[in-house]
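# Structure assessment
Each chain is listed here by its residues.
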Amino acid sequence: MNVTLAVKQYVSKMIENSGPGMKVLLMDKETTSIVSVVYTQSEILQKEVYLFERLDSQNRENMKHLKAICFLRPTKENVENLIQELHRPKYSVYFIYFSNVISKSEIKALAEADEQEVVAEVQEFYGDFIAANPHLFSLNLLGVARGRSWEPSLLPRSTQGLTSVLLALKKCPMIRYQLSSDMAKRLAESVKQIITKEYELFDFRKTEVPPLLLILDRSDDAITPLLNQWTYQAMVHELLGLNNNRIDLSRVPGINKDLREVVLSAENDEFYCNNLYLNFGEIGTNIKNLMEDFQKKKPKGQQKLESISDMKAFVDNYPQFKKMSGTVSKHVTVVGELSRLVSERQLMEVSELEQELACQNDHSSAQQNVRRLLQNPRVCEVDAVRLVMLYALRYERHSSSNLPGLMEDLTRKGVSERYRKMVQSVVEYGGKRVRGSDLITPTDAVAITKQFFKGLKGVENVYTQHQPLLHDTLDQLIKGRLKDSQFPYLGPSTLRDRPQDIIVFIIGGATYEEALTVYNFNRTMPGVRIVLGGTSIHNTKSFLEEVTLATGSSQSGERVQGTSRLPSRR
C-alpha cells in the first residue's frame, strides 16, 4: 500500500504506452501538482518527455513532431478544451488519460471531435490525489465544511479523490465512519454508491481479510493541528509551509537567489528521506556529521562547526562544496531558518506549554503559564492565540475557566480582532458539544492507568508528549475494540478478523503528526498496513482557515441543501 508508487507507476505506464520518440506532457492545474510531487522534471526528461504544457494555455505552438500524452482530471472544462484541441491538433498523435472515471457521453463527444484521427488511446488511470508520502495522500481541498455540512461542490470531489485512491491501491473495502459526523456518513454513502455503480472496476481479487476504509472528521481532534511540531517534515510545514513538496524561502534574510524556492522530496533526496521523522536535535547533528565527512577531504577545512551559523558560513565559503552538494546547502539553509524562527519566536517555551495544555490536567498551573507567556513581547500573535485556543478547548467546561481574562490579555497584547474571533470559532468547530470522542479526559480504567504510568516514568521529551486522537482510534481498531456504536459499518456486514489493510481518511484535513503516528504503526505492527489521507494536510495557519470557512457560514444555522444527491462523475 504505497500511494507514491501507485501514481509513479501510472505516469510511467502513460509514457511507455506512447512508445519511442519525443513527447509533450499535456496537463491541467491539478494533474500538474499530482505528477510534480512524485517525479522530478529531470527524471521525466530521461523518458523522452521534452515539454510540459497546460491544456488551458492559450499560446502553445504547433509541434507536429511531438506525441502528446494528456493526463487530465475528467472535468467538463477539460473535456471541452480537449474537444477544441482535437478540432485543430497541435501534435502528431494523442494518448489521453483521465485521472478518474469519465462518462460514456464524454467519450462519445471526444470521438466525434477526432475528425483527423489523431487519438491513439483513451484510458482511465486513477491518480486523482496528491501522494505526499508513501503512506500519506491529500486532495488539496480547503474549506470543505459549511457549518456541520459539506460545501456542496466538494463532496463529489472528495468522493472522486477517495475512490481513485481505492482503485490505485486495488482495494474494495468495507467502510466504517464516525457516527458523530454527518459529513463522514455522507462521504461513506457517496463512496459506497460509486463502488456499487462501478462494480466492475472494483472487482479485485478477494483477500482473506477485506480491506477497511475508516472515515473520520477533523472536528473530533482540533488540538493536533494547533501544536508546534519538532520532527523535520512536520516542522518545515508548520514554520515554512510545504506546498506540493515546495518551500518558499524568499523571505529568509540574506537568502541566496538559488535557494528562494526549494523542493523537499523524500523520493529524490536521501538526507530528507532519512531525516523525515527525526526530531530537530538529531537533524542538526546529522547535518553536522554530513558536513564534517566532507571537511575531512579538504586539507584547509580546520574550522569547527559548533552552531548553525558556523555551518552556514562554511557552506557560503565553499562554492565548490555548494556545487557538489546542493542537497546539503539546501538543508543547512532550511534548518538554519527553522533554528532562527525557534529562537526568535521562543518556540521551545511556547511548545512546552502547548504540550502541558494538551496532555496534562492542572488548570491553575496552565492558566498561570498562559498568562505569563502572553505578557512576553517575543511571543508572536499566532503563538499567543494558539495557546489561548488550546486552553479554551482543554478547559472549556472547567468550573474555574478564565477564558474572558485571557481574551483581555490578547487584546492588551495588541492581537488583531480577526485572530481573537478565531478562539471562539475553534471552540465552535471542535469543542465538547461537537466531539463524538473523549478527546480530553480518559474515562476508562485502562486509559487512566496508562496516564498514571506515563506520569511515573516521566516523559522522554517534553516537546513530544502529545499523541493525536488518531493513535488511540487506530490502536483500538487494530485490537478489534473500536466501538461499533461510535464507528458503525456502512451496510450489514462487519469485520471479524483483525484488519490488515486500513485506509483512514480525515474530512477537514490530516496533519504530519498523524502521518508520523501511521508511519510508526506500519513500522511496529507486522501484518498491518495503513495509509492516511485527508482533504488537505494542515499546519496551524491552514487549519485556522479551514475553521474560519466552516464556522463563518454556520451562524445562519442553515443546512446546505442537495449534498445527499449522487455526485456527478465529473
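Counting of residues starts from 1 at the beginning of each chain's written sequence and follows it residue by residue. Local features in this predicted model are restricted to residues of pLDDT 70 or higher, and side-chain atom pairs are both shown and tallied only at a pLDDT of 80 or more, whereas totals for entire chains, interfaces and linings draw on every residue. Hydrogens and water are ignored here; the side-chain numbers use all heavy atoms of the structure.

As annotated in an unreviewed UniProt entry, the chain is Vacuolar protein sorting-associated protein 45 from Paramormyrops kingsleyae. UniProt positions are given in the numbering used here, feature names are shortened, and annotations may be inferred rather than shown by experiment. Annotation of the chain in UniProt includes, under Function (unreviewed entry), the sentence "May play a role in vesicle-mediated protein trafficking from the Golgi stack through the trans-Golgi network." Its UniProt record, at the heading Sequence similarities (unreviewed entry), says of the chain: "Belongs to the STXBP/unc-18/SEC1 family."

### With respect to helix α21 (residues 512-524)
Taking 1.5 Å of rise per residue, 13 residues should cover 18 Å, and α21 covers 18 Å from first to last C-alpha, within 8% of that figure. Note on exposure labels: buried denotes an accessible area under 20% of the residue type's maximum, exposed denotes more than 50%, and partly exposed covers the range between, all computed with a 1.4 Å probe on protein chains only. Where helices and strands are cited, they refer to DSSP runs of H or I of at least four residues and of E of at least two residues respectively, numbered from the N terminus. Turning to α21, its buried residues are Tyr512, Glu513, Glu514, Ala515, Leu516, Thr517, Val518 and Phe521. To estimate the expected span of a helix, subtract one from its residue number and multiply by 1.5 Å.

### Here we look at unusual backbone geometry
For Asn244, which is not glycine, the phi torsion reads 50° and is therefore positive. If you trace the backbone, Asn244 turns up in the loop between α8 (232-239) and β12 (246-248).

### Some thoughts on the packing of helix α18 (residues 417-430) against helix α22 (residues 540-552)
To characterise two packed helices, one gives the angle between the axes of the helices and the distance between these axes. Axis separation between α18 and α22 bottoms out at 9 Å; the angle between their running directions is 75°. As summarised for this structure, α18 and α22 are arranged roughly perpendicular, according to the angle between their axes. Of α22, the residues touching α18 (which contributes Tyr419, Met422, Ser425, Val426, Glu428 and Tyr429) are Phe543, Leu544, Val547, Thr548, Ala550 and Thr551. Charged residues are taken to be Asp, Glu, Lys and Arg, nonpolar residues to be Ala, Val, Leu, Ile, Met, Phe, Trp, Tyr, Cys and Pro, and polar residues to be all remaining types, Gly included. Classifying every residue of the contact of α18 with α22 gives eight nonpolar, three polar and one charged. Angles run from 0 to 180 degrees between N-to-C directions of axes, and those axes are lines fitted to C-alpha atoms, restricted for helices to the stretch in contact. Roughly parallel means an angle under 35 degrees; roughly antiparallel, over 145; roughly perpendicular, 65 to 115; everything else is oblique. Pairs of residues are marked as contacts when any of their non-hydrogen atoms sit within 4.5 Å.

### A look at the sheet that holds strand β1 (residues 23-27)
Sheets are built from strands paired through backbone hydrogen bonds, the pairs being either parallel or antiparallel. Any two strands between which DSSP finds at least two bridges are classified as paired. Spatially, the five strands line up as an open sheet ordered β2-β1-β3-β4-β5, and their pairing is parallel. Taken across any chain shown, the strands that pair with only one partner, and hence form the sheet edges, are β2 (49-54) and β5 (119-124). This sheet shows a mean twist of 15° between the axes of neighbouring strands, independent of strand direction. As judged from the five bridges shared by strand β4 (residues 93-98) and β5, these two strands associate in the parallel manner. Paired with Ile96 across the two strands is Val122, which belongs to β5. Sheet strands touched by helix α4 (residues 76-87): β1, β3 (67-72), β4 and β5. Its angle to β4, the strand with the most contacts, is close to 175°.

### Some words on the environment of Thr224
Here Thr224 lies in the loop between β11 (212-217) and α8. On a C-alpha basis, the gap between Thr224 and Tyr512 in space is 9.7 Å, while along the polypeptide they are 288 residues apart. Contacts of Thr224, omitting those with residues within four sequence positions, involve Arg218, Gln229, His466, Pro468, Leu469, Thr511, Glu513 and Glu514.

### Brief notes about the packing of aromatic side chains
Centres within 6.5 Å make a pair out of two Phe, Tyr or Trp rings, where for Trp the six-membered ring is used; the pair is then stacked when the planes are under 30 degrees apart, edge-to-face when over 60, and tilted otherwise. If you walk through the whole model with that rule in mind, you get twelve aromatic pairs. Both rings, one in Tyr10 and one in Phe125, keep their centres 5.3 Å apart while their planes meet at 25°; by these two values the pair is stacked. Of this pair, Tyr10 sits in helix α1 (residues 3-17) while Phe125 sits in the loop between β5 and β6 (130-133), and the two are 115 residues apart along the sequence. In this pair, the class of Tyr10 matches that of Phe125, namely buried. Grouping aromatic residues by their ring pairs yields a cluster made of Tyr10, Tyr97 and Phe125. Directly above the aromatic system of Tyr39 lies the positively charged group of Lys8, at a separation of 5.0 Å from the ring centroid. Placement of a positive charge over a ring is assigned whenever Lys NZ or Arg CZ falls within 6 Å of the ring centre and within 35 degrees of the normal to the ring plane.

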